[in-house]
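# Summary of structural features
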Amino acid sequence: MRRSGRRSFPASPAVLTVCAGLLLAVLPLIAPASAAGAAASRPAPAGHPGENLLRDSGAQTGAASVQGWDSVTIPDWTIVRGLPTVVRYGTAGFPAAYGSFPAARGGQLFAGGLGGTAVLRQVIQLRPAGGRLAPGTRFALSAWLGGTGSSHASLTVRFRSAAGRVIGTASIGPVGLVGSLGHRRLARRAKSGSVPSAAVSAQIDLRLATSLRGADGGNSPFVGYDKAVADALRFSVSAPVAMPAPVRPPAARVPRYQHVFLFYFENQDFRSIIGNTKQAPYLNSLLPKASLLTNLYAEAHPSDANYLALAGGSAFGLAPTDPLEINPHYTIHAPDIADLITGAHKTWKSYLQSANGPCDDTVHNQYWDDDLPFLYFADIRNRPAYCSAHVQPLEALPTDLARAATTPNFAWIGADDCFDMEGCGIRAGDSFLASELRAIVRSPAWRTQRSLAIITFDEDNYDDPHPPQRVPTIVLASSGVRSGYTSTVRYTHYSLLRTIEAALGLRTLTANDRYAQPVNDIFTRARSHWPAGSAPPAGRTSRDLSPAARSAPHRLAGAVRPGPAGTGRAEAGSDRAGPARTASGRAGPGRVAFVANSQPGSVTPVDLRTHRAGKAIKVGADPVAVVAAPDGRTVYVASAGAGTVTPINAVTRRARRPIRTGADPRAIAITPDGRTLYVANSGSGTVTPISTRTNRAGRPIRVGKNPRAIVMAPGGKLALVLDWGSGQVTPINTGSGRAGRPIRVGGYPFAAAFGPGGRLAYVANFGFDTVTPVNLKTGRAAHPIRVGGGPDSLAVSKDGSTVFVVNGNSESVTVIAARAGRVVRTIKVGYSPSAIALSGSGGTGYVVNTISGTVSRFAARTGRTTAPLNVGAYSYPTAMTVDRSLGVAAVLDTYGGQLSLISLTTGHVVAPITVGAFPVAVAFAR
């Protein structure tokens, strides 16, 4: 470690190594914040003339960014502007650890960061023991500075009088490129002079400036990064003045809470949310009851580094590609907040909307596994049982909230990519917050215990706002948080992590949260529930909410509980598998593909001969499932957001009057004779039968909890409903319209397929990693068969001898010999497989790999694979169904907004056809 006191020469490498090791060993043992605060209040000793008065003058105390793309906590420096960071010598694009002082292996230096020009500040008091500086007192200012052709660094001192007026200024720099871009160095600059006799303080500003204008965009780490650097800053005076207190973690004055609830939304600027009562009425209605943080900043672009900052105290060198989205095996070997909570004998859970089941490590439709950070950490994702117990679907939250004893001490609540305000806009996220937070506020944990809720965002909206990366954050509690209060203190996600740690009585994880400023000023002055030795905040740095903010509406009119955006995968028959497959036993003539587009609430017809898309047909909000009548003349679309089914004339392509169903319809099936439609309503635990002759809904049929899929048996005498939330299947007799006795199968049944004749069904249980054979004649389930992780799709061969199971969490297909009930083979496929179909002859299997953007092909008899078909990187295909008459498989590229057609004869992929935003289901008709 370099020294910046009286000695200005560099330490030897051996000393650097020893000191660095001692620092790492001592940091975890630093006294609690309350003790640190008490120590800081003691009178500072007088220093020797010429001693460096700057704290953390070489950026050595805090953490460093691994790649320089994220901001970090910089102890004892006030951030006035930008998103400065700290890097190590030798980090790519920065000066290497060679040459003269201060460059040293393991050494750290200040860097500008991705937020444009950055300014860091310290204020030093210049009052000696005698009260005033002696006339003729001298100062010395020096630093090692550097930059590039577009960035430069400078250091300025401003002397201020007792009235705060600037009475003297001196600067060194600016310094830009020293050496060459391939061999950058720093240059020493120094200046000395007389201290104005009336000066009582010195304001030191480190300016890391850039002329680039690409800050805060999607490519900011590459084109907008401020690479100005500085190290070994020094300011001294020739008189003995009080030395600044040693660098210590800020005191956390946060009362203890039994529960902390965290909501994490995406990609919105502060001004797009706060005051926007039209699109975010519920969130704004909370302001009179909560504290608003007006100066909180995210650490990086894009999303995931900010998630990790709050969960793990670091960005861990995460690449701007958000690597979990392209490699499900990417892991971080480091402790996280879950480890702290478990170590303190407390409980935690995370809840994510649209998950297929617990520990869902896949990507499908609008579900992303990285929208909760916990699947990044090796000690969670590599322990399936532990992961399943803690990483839960959103539907598990109401059960946990039913009693205070089952409510976790820490709950991270995440919306899917539609309702997180990124995909479907601000209003969708506001309705999600209204539904879930209202349930929390009504819970026993909130009403009878001390509970804290934090609502924040990962990053801003990529539009070069000023200042960049400022995101809205509000905090409310059952007690202890100031109402109608707004804070102007600069905070980060590391501040939120430090506050959560203090609220739950936890230790810290890294130097980032250890030295972050806790959100102290929002808590009330009541002394109950405060940690020993702590005191409530004074709150002198904030102001009250304006009268306009206090008059924000208090209710979200008409808010409905949004359901998950999954399609409710249900495979019917050996050739008709995949998440979009909700059709009956036949494919129809196969001339037009009708594609349901989730976000715009539309259906796009695509001519399979000309490969042209027709005019979009408007249907209800959030269509998630589509089925064609056996005669191919009518298409039925279930809209989860509207609670309706819309019939569409396949010839005229006109929508008819929507039919009201139960809440949150997720899946749909039709009898082979085309007379009755069955709709599984996840939100109401019912199935709605609909007469296709009258287009009228019949009496709802009560089934289990959260029915997410329904499949029609061959012959159509029975429909099997997968009660996802109950771990059971419910048979429905289509003749009588009555539900049979539920059959227990396993955790989170997600997909099913029938054997020949329809007497035997196979149910994939996502939560238990099993497939359960079910004898529908006896109503009994056989012993479950262990398969790979997260089975999410399956198909049965024509002769019923083989079952093919897609394992979404383990990149494989499990082949089961049906008669023996045992696994005979495992076939490796791509990342995050989500759907399977068999060719018309049954000889070839096709598997959609969402993250890989490919379709794997394998021989059904031998399992031998051939080269996968590319359907578009970063398009994230999720659904597939087959048209036998044309020998075509239709693959939906969900994030690409496209339909890809594959010839099952030649394996040729037709150029993608643009449909609508977030296509999630497809059916074929005339």
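The structure displayed is predicted, hence computed values, not measured ones.

### Focus: the overall build of the chain
Secondary structure summary: the chain contains 15 helices and 62 strands in total. A total of 926 residues make up the chain; the buried ones form 63% of that total. Taking contacts inside the chain between residues at least 6 apart in sequence as the whole, the part at least 24 apart equals 63%. If you sum the accessible surface of the chain, you get close to 33600 Å²; carbon and sulfur atoms cover 52% of it.

### Some remarks on the nonpolar core
One finds F410, W412, L437, L452 and I455 to be the most contacted residues of the largest nonpolar core, which totals 100 residues. Top contributing element to this core by residue count: helix α11 (residues 426-442), with 7 residues. Among residues more than four places away in sequence, those in contact with F410 are V260, L262, I337, I341, T347, W348, K349, F374, I500 and L504. Listed in part, the 42 residues of the second largest apolar core include L133, L206, L233 and M243.

### Side note on the sheet that holds strand β59 (residues 888-893)
Strands sit in the order β58-β59-β60-β61 across an open sheet of 4 strands; the sheet is antiparallel. The outermost strands of the open sheet, each flanked by one partner alone, are β58 (877-883) and β61 (913-914). Bridging between strand β60 (residues 898-903) and β61 involves 2 bridges; their strand directions are antiparallel. Following the sheet pairing, L899 is matched in β61 by I913.

### Examining the confidence of the model for the chain
A low pLDDT means the predicted coordinates there should not be read in detail. Overall, the predicted model of the chain reaches an average pLDDT of 86, with 86% of residues at or above 70. A low-confidence stretch, residues 1-43 (pLDDT under 50), is modelled with 46 contacts involving residues beyond four sequence positions or located in other chains. Low confidence marks residues 532-590, where pLDDT is under 50. Its contacts with residues over four positions away, or in another chain, come to 209 contacts.

### Describing empty space enclosed by the protein
For the structure on display, the rule yields 5 cavities of 30 Å³ or more. Surrounding the largest cavity, 14 residues form its lining, W69, D70, A300, A305 and L318 being those nearest its centre.

### A word on the state of the cysteines
Scanning all chains against the criterion turns up 2 disulfides. A sulfur-sulfur separation of 2.0 Å characterises the disulfide bridge that pairs C359 with C387. On the S-S bond that ties C359 to C387, the torsion sits near 95 degrees, and the link is right-handed. With a gap of 28 residues between them, C359 in the loop between β16 (348-352) and β17 (363-364) and C387 in helix α9 (residues 384-390) connect regions that are remote in the sequence. An identical accessibility class is assigned to C359 and C387; each is buried. For C418, the disulfide goes to C424, at an S-S distance of 2.0 Å. Disulfide C418 to C424: torsion about the S-S bond roughly -115 degrees, handedness left-handed. Here C418 falls in the buried class, since its relative accessible area comes to 5%. In the chain, the cysteines engaged in disulfides, taken in order along the sequence, are linked 1-2, 3-4.

### Some words on the pattern of salt bridges
Counted by the stated rule, this structure contains 8 salt bridges. Two residues, D400 and K349, come together in a salt bridge whose shortest N-O distance is 3.0 Å. Note that D400 is positioned in helix α10 (residues 397-401) and K349 in strand β16, a separation of 51 residues in sequence. When its relative accessible area of 9% is taken as the criterion, D400 is described as buried. R708 is the partner of E395 in a salt bridge, and the nearest nitrogen-oxygen pair spans 3.9 Å. Of the two residues, E395 is situated in the loop between β19 (391-393) and α10 and R708 in strand β40 (residues 707-712); the sequence distance between them amounts to 313 residues. Each member of the salt-bridge network shares a partner with another, and the members are R121, R158 and D205.

### Regarding the packing of aromatic side chains
Counted under the stated rule, the structure contains 24 aromatic pairs. Between Y264 and Y307 the ring centres are 4.4 Å apart and the planes differ by 50 degrees, which places this aromatic pair in the tilted class. Taken together, the residues span a long stretch of sequence, with Y264 in strand β13 (residues 259-265) and Y307 in helix α6 (residues 304-312) at a distance of 43 residues. Residue Y264 shares its accessibility class with Y307, and that shared class is buried. Of the aromatic side chains, those joined through ring pairs into one cluster are Y264, Y307, W348, F374, Y386 and W412. Sitting above the plane of the Y257 ring, R450 keeps its charged end 4.4 Å from the centroid. In this arrangement the basic side chain of R708 is found over the ring face of W724, its NZ or CZ atom lying 4.1 Å from the centre.

### Some points on the environment of V910
Here V910 is to be found in the loop between β60 and β61. Along the backbone, V910 and L899 are 11 residues apart, and their C-alpha atoms lie at a distance of 9.4 Å. Aside from chain neighbours lying at most four places away, what touches V910 is H611 and L901.

### Brief notes about the sheet that holds strand β5 (residues 138-146)
What the 5 strands build is an open sheet, ordered β2-β3-β12-β5-β10; its pairing is antiparallel. Whereas interior strands pair on both sides, the edge strands pair on one side only; in this sheet they are β2 (85-88) and β10 (187-194). The average undirected angle you get between the axes of adjacent strands in this sheet is 35 degrees. In this structure, β5 lies alongside β10, joined through 8 bridges in antiparallel fashion. Note on β10: the bridge partner recorded for A143 is R189.

### A short note on the pairing of strand β12 (residues 226-237)
Burial analysis of β12 places 11 of its 12 residues in the buried class, the great majority of the element. Two strands pair when backbone bridges link them, and strand β3 (residues 108-113) and β12 are joined in this way by 3 bridges, in the antiparallel orientation. Among the inter-strand pairings, F110 is bridged to a residue of β12, identified as A230. Across 7 bridges, β5 lies against β12 in antiparallel orientation. Residue pairing in the sheet places L145 in a bridge with A230 of β12.

### A closer look at the pairing of strand β45 (residues 749-754)
Remember that side chains alternate between the two faces of the sheet whenever the strand is regular. Within β45, 6 of the 6 residues are buried, leaving the element largely enclosed by the surrounding structure. Sheet analysis places β45 next to strand β46 (residues 760-765), joined by 5 bridges and oriented antiparallel. Across the sheet, P749 pairs through a bridge with N765, a residue of β46. The loop that links β45 with its antiparallel partner β46 comprises 5 residues; one of these, G757, has a positive phi angle of about 85 degrees.

### Description of the side chain of T117
Structurally, the position occupied by T117 is in the loop between β3 and β4 (118-125). Engagement of the side chain of T117 in a polar contact is seen with the backbone nitrogen of T210, the distance being 3.1 Å. Leave out the neighbours within four places in its chain, and T117 touches R81, G82, R207, L208, A209, T210 and D226.

### Concerning the environment of V119
Here V119 is to be found in strand β4. Sequence separation between V119 and R81 is 38 residues, and the spatial gap between their C-alpha atoms is 5.0 Å.

### Observations concerning unusual backbone geometry
Geometrically, the link from G173 to P174 is a cis peptide bond, its omega value of 5 degrees lying close to zero. Among the secondary structure elements, P174 is positioned in strand β7 (residues 166-175). Across the junction of H301 and P302, the peptide omega takes the value -5 degrees, indicating a cis bond. Backbone geometry at D76 places phi at a positive 65 degrees, although glycine is not the residue there. Summarising the element assignment, D76 is placed in the loop between α2 (33-40) and β1 (78-81). What makes D76 partly exposed here is its relative accessible area of 28%. Although it is not a glycine, R653 adopts a positive phi angle of roughly 60 degrees. Residue placement: R653 occurs in the loop between β32 (644-649) and β33 (654-655).

### Focus: the packing of α6 against helix α13 (residues 493-503)
Helices that pack against each other are described as a pair by the angle of their axes relative to one another and the distance between those axes. Where α6 meets α13, the axes come as close as 8 Å, and the angle between the chain directions of the two elements is 25 degrees. Between α6 and α13, the angle falls in the class roughly parallel. For the crossing formed where α6 meets α13, the hand is right-handed. Here N306, A309, L310 and G312 of α6 come into contact with α13, specifically with H493, Y494, L496, L497 and I500.

Rules used throughout
- Going along each chain's sequence as written, the residues are numbered from 1 onward.
- Side-chain atom pairs in this predicted model are given and counted only at pLDDT of 80 or more, local residue features only at pLDDT of at least 70, and totals for whole chains, interfaces and linings cover all residues.
- For side-chain calculations, the full set of non-hydrogen atoms in the structure is used, while hydrogens and water are omitted.
- By definition, any uninterrupted DSSP run of H or I lasting at least four residues is a helix, any uninterrupted run of E lasting at least two residues is a strand, and each is numbered from the N terminus.
- For every residue, the accessible area (1.4 Å probe, protein chains only) is compared with the maximum for its type, and the residue is labelled buried under 20%, exposed over 50%, or partly exposed between those bounds.
- Contacts: residue pairs with any heavy atoms within 4.5 Å of one another.
- Only the protein chains shown count as cover for residues, with accessible areas throughout obtained via the Shrake-Rupley method and a probe of 1.4 Å.
- Remark: nonpolar core denotes a set of buried residues (Ala, Val, Leu, Ile, Met, Phe, Trp, Tyr, Cys) joined through side-chain atoms within 4.5 Å.
- Strands were regarded as paired on the criterion that DSSP finds at least two bridges between them.
- In predicted models, pLDDT denotes the confidence assigned by the predictor to each residue on a 0 to 100 scale.
- Within this scheme a cavity is a closed region of a 1 Å grid, computed over the protein atoms alone, that accommodates a 1.4 Å probe without allowing it to escape, whereas a pocket is open but has protein on both sides within 12 Å along at least five of seven lines; lining residues each have an atom within 4 Å of a point.
- Grid points are joined across faces, edges and corners, and a volume is the space filled by probe spheres set on the points.
- The rule for a disulfide is simple: a pair of cysteine sulfur atoms within 2.5 Å.
- Salt bridges are defined by distance alone: a side-chain nitrogen of Lys or Arg within 4 Å of a carboxyl oxygen of Asp or Glu.
- Here a Phe, Tyr or Trp ring, Trp counted by its six-membered ring, pairs with any other such ring whose centre lies within 6.5 Å, and the pair is stacked when the planes are under 30 degrees apart, edge-to-face when over 60, and tilted otherwise.
- Put simply, a charge is over a ring when the Lys NZ or the Arg CZ is close to the ring centre, within 6 Å, and near the line of the ring normal, within 35 degrees.
- The axes are straight lines fitted to the C-alpha atoms, using for helices just the contacting stretch, and the angles between their N-to-C directions are given from 0 to 180°.
- In the analysis that follows, any N or O atom pair within 3.5 Å is treated as a polar contact, provided that within protein one partner can donate a hydrogen and the other can accept it, and provided that, for residues neighboring in sequence, both atoms belong to side chains.
- Here is the rule for angles: anything less than 35 degrees is roughly parallel, anything more than 145 is roughly antiparallel, 65 through 115 is roughly perpendicular, and the remaining ranges are oblique.
- Take the far helix as your reference; a near helix turned counterclockwise from it by less than a right angle gives a left-handed crossing, and one turned clockwise gives a right-handed crossing.

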